[in-house]
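Okay, here's what each chain looks like letter by letter:
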Amino acid sequence: MRRCLLFAAALAFASLPAAAQQLAATPPMGWNSWNWFAGKVTDADIRKAADLMVSSGMRDAGYVYVNIDDTWEGKRDANGNITTNEKFPDMKALADYVHSKGLKIGIYSSPGPRTCARYEGSYGHEEQDAKTYAAWGFDYLKYDLCSFGKIMRDTHPNDFAAQNQMMRDAYTKMHNALVKTGRPIVFSLCQYGFDQSWQWAPSVGGNLWRTTDDIRANYDSMILIGLSQAGMSKFSGPGHWNDPDMLEVGNGKMNHDENISHMTMWSMLAAPLIAGNNFTEMNDDVRSILTNKEVIAIDQDKLGHQGDRVWAGEETEIWARPLADGSVALAVFNLANNRSTMRGLSLHLHEAGFTGGAAHARDLWEHKDLGLIKDTDVFTIPRHGAVMLKLTK
Ligand code: GLA
């Protein structure tokens, strides 16, 4: 079975442009300003985020990109070049600063005339903007559909096929513009999964593409998105990843167990790990969840095979993911809203490929070898929590 999986992954890998494979051989990791700062983000916030990414150990745990989301944009100058607004006085200097920390930097735009926060988009200026981003030193572009949706609808009222083709063409246009700059720039599609983005996003040069609407900083939103990714594993792999949106670990009112479930699910999904919390207020619990190297190693596994649901009960789901070394990552989620803990859960090892119903296990959150475990063993999982194991025969 493992051979087949390796072969399938190699095939997917081979069909992508060489540059895409190298750019995002494993799911991109970093931080993005939107989930915490939204429209308030400034140059100083980005510098601070870069500083704290280093001092908190996030960089050493693998987080690389510091991404500026919407609201950096100013007007266009007389030659049509995009400028920044007063919150970002010097983008080149900012990019240099972030690079000086051993990090990379990302920027945001829209194929439409306006971004989602109604700032200047790239419509009609794609090549010019790509050139500007490259000249400033950017390494990553999140390209958010926003007002382009209206252009699609106005151009082809009621003709959804034509609208979708326009959307693909708009993403292709920016991809080509990025390639033309000669600078390697990760291309992140953000159009909320319209027209089943996962089916075509790699062909328009996407390294990652949103598969859902925006995440919110609460358990219901997070887990709904996570569970909705079942069956999506065949669409992602090295160089091209399903993106169930950025992390909300450390935001809102999610508690320890809910944050564990969030990080477990995203790592099982081979999802991009783009943190979105405020590092200046990050407590030790949130930091240790975001920087758990054993969990991150599952997300970043070289095989790049996204996990999938292997068993679902009324209030429990079990997901598994094959890994490059022949072992399997297994996650058990307690979805129960009412009960404080779930006891006596079977791990359904059989369904995860362990036909004898037994496996050697390591607990990746507890950092503990559990020895040989069996389906009949009793596992206790707190409400909204998860267990994440690495299993070997
Ligand atoms: C959309 C995106 C978000 C964020 C905002 C910015 O809602 O999905 O991730 O980029 O726009 O306006």
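Residues numbered from 1 in each chain as written. Predicted model: local features only at pLDDT ≥ 70, side-chain atom pairs only at ≥ 80, totals over all residues. Heavy atoms only, no water.

Overview of the packing of helix α10 (residues 219-227) against helix α11 (residues 256-268)
- Running from amino to carboxyl end, α10 crosses α11 at an angle of 20°, the nearest separation of the two axes being 10 Å. In terms of axis orientation, α10 runs roughly parallel to α11. Crossing of α10 over α11 shows left-handed handedness. In this structure, α10 uses Tyr219, Met222, Ile225, Gly226 and Leu227 to contact α11, whose residues at the interface are Glu258, Ser261, His262, Met265 and Trp266.
- Of the residues in the contact of α10 with α11, the class split is six nonpolar, three polar and one charged. (Axes fitted to C-alpha atoms, helices over the stretch in contact; angles between N-to-C directions. Helix = DSSP H or I, 4+ residues; strand = E, 2+ residues; numbered from the N terminus. Parallel < 35°, antiparallel > 145°, perpendicular 65-115°, else oblique. Left-handed = near helix turned anticlockwise from the far one by under 90°. Contact = heavy atoms within 4.5 Å. Nonpolar A, V, L, I, M, F, W, Y, C, P; charged D, E, K, R; others polar.)

Brief notes about the site of the ligand
- The local shell around the ligand holds 13 residues, among which Asp69, Asp70, Lys142, Asp144 and Asp214 are the closest.
- Within the side chain of Asp144, one N or O atom sits 2.9 Å away from an oxygen atom of the ligand.
- When the ligand is considered free in solution it has 310 Å² of accessible area, and contact with the protein chains removes 92% of it.
- Taken atom by atom, the bulk of the ligand overlaps the largest pocket.
- Among the residues making up the shell around the ligand, the classes are represented as seven nonpolar, no polar and six charged. (Near = heavy atom within 4 Å. Polar contact = N/O pair within 3.5 Å; in protein donor to acceptor, adjacent residues only side chain to side chain. Areas by Shrake-Rupley, 256 points an atom, 1.4 Å probe, with all protein chains shown as cover. 1 Å grid on protein atoms, 1.4 Å probe; cavity = no way out; pocket = protein on both sides within 12 Å on 5 of 7 lines; lining within 4 Å. Sits in = over half its atoms within 2 Å of the grid points.)

Describing empty space enclosed by the protein
- As enumerated under the stated definition, the model contains one cavity of 30 Å³ or more in all.
- Its volume calculated, the largest cavity comes out at about 110 Å³.
- Along its surface, the largest cavity is lined by 15 residues, and Asn32, Tyr140, Lys142, Ser188 and Met246 are the ones closest to its centre.
- Counted by class, the lining of the largest cavity contains seven nonpolar, three polar and five charged residues. (Points joined across faces, edges and corners; volume = space filled by probe spheres on them.)

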